[in-house]
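Secondary and tertiary structure notes
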Amino acid sequence: MPNLDKFIISFDHALRTLLTPAQTLRPVPGTQLPEVGLNDSEKHESAALMRINHTGEICAQALYQGQALTARNVEVQHTLAQAAREETEHLAWTERRIAELSGRKSILNPLWYGGSFAIGALAGVLGDKWNLGFLAETERQVTAHLAGHLKRLPHHDGKSRAIVAQMQIDEAGHATSAMSHGGVELPMPVKLMMNLGSKVMTGTAYWV
Ligand SMILES: [Fe+2]
Ligand SMILES: [Fe+2]
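Our subject in this report is the structure included herewith. (Residues numbered from 1 in each chain as written. Chains lettered and ligands numbered in written order. Predicted model: local features only at pLDDT ≥ 70, side-chain atom pairs only at ≥ 80, totals over all residues. Heavy atoms only, no water.)

1. Section: the nonpolar core
With 30 residues, the main nonpolar core has Met-50, Trp-93, Tyr-113, Ile-163 and Val-164 as its most contacted residues. Only α2 (40-70), α3 (74-100), α4 (109-125), α5 (128-152), α6 (158-180) and α7 (188-205) provide two or more residues apiece to this core. Among the elements that line this core, the one with the most residues is α2, at nine residues. If near-sequence neighbours (up to four positions away) are discounted, Tyr-113 is found in contact with Ser-10, His-13, Ala-14, Thr-17, Leu-18, Ile-58, Gln-61, Ala-62 and Gln-65. By size, the runner-up hydrophobic cluster in this structure holds 11 residues, among which are Val-76, Leu-132, Leu-135 and Ala-178. (Core = buried A, V, L, I, M, F, W, Y, C linked by side-chain atoms within 4.5 Å. Buried < 20%, exposed > 50% of the residue type's maximum accessible area, 1.4 Å probe, protein only. Helix = DSSP H or I, 4+ residues; strand = E, 2+ residues; numbered from the N terminus. Contact = heavy atoms within 4.5 Å.)

Here it is in structure tokens:
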């Protein structure tokens, strides 16, 4: 059962995720690439897509926190913590790129965090195999979503593309790791509902 300490730690993590800049150990992908001139509409498009990805990473932080709060097995908690560290780096990378593009983060991030935390906690309560299965499916859907962004990003925006490409590699690794730790395939209606939920998030974050 989660205890009060865990709740306090989770609350602290939520505040830090939403209010302070994220840190990264790995260098930001694409740092070595030159900043090419993007016209106004390209810049706007890149910033909007990176805002979506940033909000996705806010959701990832919340999901992992929620899942870790209710996960039972210590090894599962460890797997979640390892992946969460990489998600924090993704958060830092997207945040930095949004600033470089003179964009802004979604004002609805606290809302997305709260909802994702609740979903993650619920997945954890259902037991480790479902928790890991949910994680794997989430990461697979994110990987597919990032592939779509690589098609939509302005072709010469190498810096944004490098970040998205590395995130895609990491997310696929999270999915594989979750399944190798005992995750199970979710029923198709659940997968479809997850897909619908993420479409609402991505569609909204493009604008606000
Ligand atoms: Fe991520
Ligand atoms: Fe991930």
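Here the narrative resumes, following the displayed structure.
2. What about the pattern of salt bridges?
Enumeration according to the criterion identifies 12 salt bridges in this entry. With a shortest N-O distance of 2.6 Å, Arg-26 and Glu-89 are connected by a salt bridge. A residue pair is termed long-range when its members are at least 10 positions apart, and Arg-26 in the loop between α1 (4-19) and α2 and Glu-89 in helix α3 qualify at 63 residues. The closest approach of N and O atoms between Arg-140 and Glu-185, which form a salt bridge, is 3.0 Å. A residue pair is termed long-range when its members are at least 10 positions apart, and Arg-140 in helix α5 and Glu-185 in the loop between α6 and α7 qualify at 45 residues. With a relative accessible area of 31%, Arg-140 lands in the partly exposed category. By sharing partners, the salt bridges in this structure join Glu-35, Arg-97, Glu-100 and Asp-157 into a single network. (Salt bridge = Lys/Arg side-chain N within 4 Å of Asp/Glu carboxyl O.)

3. Section: the packing of aromatic side chains
By the definition in use, this model includes two aromatic pairs. For the ring pair Tyr-113 and Phe-117, a centre distance of 6.5 Å and an interplane angle of 15° mean the geometry is stacked. Linking Tyr-113 with Phe-117, this pair stays in helix α4, spanning four residues, or about one helical turn. Here Tyr-113 falls in the buried class, since its relative accessible area comes to 4%. Given the relative accessible area of 18%, Phe-117 is considered buried. Between Tyr-206 and Trp-207, the aromatic rings sit 4.8 Å apart at their centres with planes inclined by 75°, giving edge-to-face as the arrangement. By relative accessible area, which is 15% here, Tyr-206 ends up buried. (Phe/Tyr/Trp six-rings, centres within 6.5 Å; stacked < 30°, edge-to-face > 60°.)

Take it as geometry only, folks, not as evidence of what the structure does.
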